[in-house]
Structure formats: C-alpha cells, structure tokens
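Structural overview for review
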Amino acid sequence: MADMKLSGLLLLLCCHGASSVIHSLQYFYTASSGLTTFPEFVAVGMLDGLQIVYYDSNTKTTEFKQVWMDQTSKVNIETVKQRCKPDR
C-alpha cells in the first residue's frame, strides 16, 4: 500500500498539468498625409506590452523585433511552401 502511495506521489510530481495564461495581443495602425518626415502608414504589433513587429510604408518591409518572431515566421513560410507544392 505504501508503494502505491509513493508511486502516485511520484507520478504527480513528474507530470505537469496545463494551465491557462492570459496574453495581450495588440496592433496599432497609424496613417498620415502631408508629413515629409513620417511614413504615410505605420503598423506596430505588441504582445504583452513588448513590440514584436514593425512595418512602415517608406521601407515597405516587415521588421520582426523579437528573435522568436523571426524564427517563427521562417518556419511557417517553409511549412506553407511544402504544403503548397503540387504532388508529382
């Protein structure tokens, strides 16, 4: 009986349960006209108050501000490429 209790306790200690975590994802868009020093369009993505992505109409490129965002986007693009290849 003691072995069963010990086994159950070890099982509980070794298993990690899933828990919910609340995150905040926000995008901010700014449009302007007639300003020579500011792009006509700017988009900024924030996750939990941390900037993760930036785009402006002057550079016309998306800049990932976090390393994991850059890695995630490359993996997703490669996955899409593989899935969209026609079967031969």
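Rules used in this analysis
Residues numbered from 1 in each chain as written. Predicted model: local features only at pLDDT ≥ 70, side-chain atom pairs only at ≥ 80, totals over all residues. Heavy atoms only, no water. Pairing = 2+ DSSP bridges. Helix = DSSP H or I, 4+ residues; strand = E, 2+ residues; numbered from the N terminus. Phe/Tyr/Trp six-rings, centres within 6.5 Å; stacked < 30°, edge-to-face > 60°. Buried < 20%, exposed > 50% of the residue type's maximum accessible area, 1.4 Å probe, protein only.

Here the focus is the pairing of strand β3 (residues 50-56). Sheet analysis places strand β2 (residues 41-47) next to β3, joined by six bridges and oriented antiparallel. Each bridged residue has a counterpart across the sheet, and for Met46 the counterpart in β3 is Gln51. Between the end of β2 and the start of β3, which pair antiparallel, lie two residues, with Asp48 showing a positive phi angle near 55°. In this structure, β3 lies alongside strand β4 (residues 62-64), joined through three bridges in antiparallel fashion. Across the sheet, the residue bridging to Val53 is Phe64, located in β4. Between β3 and the antiparallel strand that follows it, β4, lie five residues; Lys60 among them carries a positive phi value of about 55°.

What follows covers the packing of aromatic side chains. Counted according to the given criterion, the structure contains three aromatic pairs. Aromatic side chains Tyr27 and Tyr29 sit 6.5 Å apart centroid to centroid with 15° between the ring planes, which places their arrangement in the stacked category. Taking relative accessible area as the criterion, Tyr27 reaches 44% and is therefore assigned partly exposed. Accessibility expressed as a relative area gives 58% for Tyr29, which makes it exposed. Ring centres of Phe41 and Tyr55 lie 6.2 Å apart, and the angle between their planes is 55°; on these two criteria the pair is classed as tilted.

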